[in-house]
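Below, each chain spelled out in residue letters.
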Amino acid sequence: DKYYHASCKNDYANVQFRKGNLKKANQFYVESLLLWNQIGNLKNQAGISNNLGVLSNSLGLIMQSKEYYFKSLNLFKLLGNEILVAMVYNNNGSVIKLEGYFKESLDYQNKALDIRLNQKNNSLIAMSYNNIGSVYRDLGEFNLSEKYQKMSLDKRISLKLSEQIAISYVDYSLVLFDQN
């Protein structure tokens, strides 16, 4: 049955991705996506397209990554899934930042933040603050970068997110270092 095969291929792709076997993961994500397209399951098409965007980014295939993110974004919008729309905005903003399009990256990160604020998802709000602070740092706008990194750090401390707290301390200290 196609549904079962599509699910298995996706699961196997996830395992291969986690193990660092990116080419094998890509193969199984693409096979899974083709099956979900045949089935007509938009939710899974959107999710796998996002996964392929992340994977393509990991392989340094920026244009391909952006294509998958845009496909995923359009499907999640069609499905009305705001939380996942914010995730794709975040991912796409990160890829665009790699290309040096900092203002456009900032637009995507702010769109993600707006949705996350609306959803009151505090851990993801902290992530958005961190991402926005990172873009401002790249723009050389250190005061704004410091403000957003501090908001991210404070929120993560209040939520007791130990791994994210460590990330925020590093990012916050980099901003302070760059200011001097």
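Residues numbered from 1 in each chain as written. Predicted model: local features only at pLDDT ≥ 70, side-chain atom pairs only at ≥ 80, totals over all residues. Heavy atoms only, no water.

Undergrad: Which residues make up the nonpolar core, and what values go with them?
TA: One finds Leu73, Phe76, Val85, Val88, Tyr89 and Ile115 to be the most contacted residues of the largest nonpolar core, which totals 15 residues. Among the secondary structure elements, those contributing two or more residues to this core are helix 4 (62-79), helix 5 (82-98) and helix 6 (102-119). The element best represented in this core is helix 5, accounting for 6 residues. With near-sequence residues (within four places) excluded, valine 88 lies in contact with Asn50, Tyr69, Ser72, Leu73 and Phe76. (Core = buried A, V, L, I, M, F, W, Y, C linked by side-chain atoms within 4.5 Å. Buried < 20%, exposed > 50% of the residue type's maximum accessible area, 1.4 Å probe, protein only. Helix = DSSP H or I, 4+ residues; strand = E, 2+ residues; numbered from the N terminus. Contact = heavy atoms within 4.5 Å.)

Undergrad: Outline the packing of aromatic side chains, supporting the account with residue identities and numerical values.
TA: Going through the model one piece at a time under the given rule, you end up with 6 aromatic pairs. Pairing tyrosine 129 with tyrosine 148 gives two aromatic rings, centres 6.0 Å apart and planes at 55°, and the pair type is tilted. Highlighted residues: tyrosine 129 in helix 7 (residues 122-139) and tyrosine 148 in helix 8 (residues 142-159), separated in sequence by 19 residues. Among the aromatic residues, those joined into a cluster by ring pairs are Phe70, Tyr89 and Tyr108. (Phe/Tyr/Trp six-rings, centres within 6.5 Å; stacked < 30°, edge-to-face > 60°.)

Undergrad: Can you break down the environment of isoleucine 125 residue by residue, with the values?
TA: Inspection of the secondary structure puts isoleucine 125 in helix 7. Since its relative accessible area comes to 3%, isoleucine 125 is described here as buried. Once the C-alpha coordinates of isoleucine 125 and lysine 155 are considered, the two residues, 30 residues apart in sequence, prove to be 8.2 Å apart. Here isoleucine 125 is in contact with Leu113, Arg116, Leu117, Lys120 and Lys155, once residues within four sequence places are set aside.

Undergrad: Could you give an account of the packing of helix 6 against helix 7, naming the residues involved and the relevant values?
TA: Taken N-terminus to C-terminus, the directions of helix 6 and helix 7 make an angle of 165°; their axes are 9 Å apart at the nearest point. By the criterion of interaxial angle, the relationship of helix 6 to helix 7 is roughly antiparallel. For the pair helix 6 and helix 7, the sense of crossing is left-handed. On helix 7, the residues touching Phe102, Lys103, Ser105, Leu106, Gln109, Asn110, Ala112, Leu113, Arg116 and Leu117 of helix 6 are Leu124, Ile125, Met127, Ser128, Tyr129, Asn131, Ile132, Val135, Tyr136, Asp138 and Leu139. Its residues placed into classes, the contact of helix 6 with helix 7 shows 13 nonpolar, 5 polar and 3 charged. (Axes fitted to C-alpha atoms, helices over the stretch in contact; angles between N-to-C directions. Parallel < 35°, antiparallel > 145°, perpendicular 65-115°, else oblique. Left-handed = near helix turned anticlockwise from the far one by under 90°. Nonpolar A, V, L, I, M, F, W, Y, C, P; charged D, E, K, R; others polar.)

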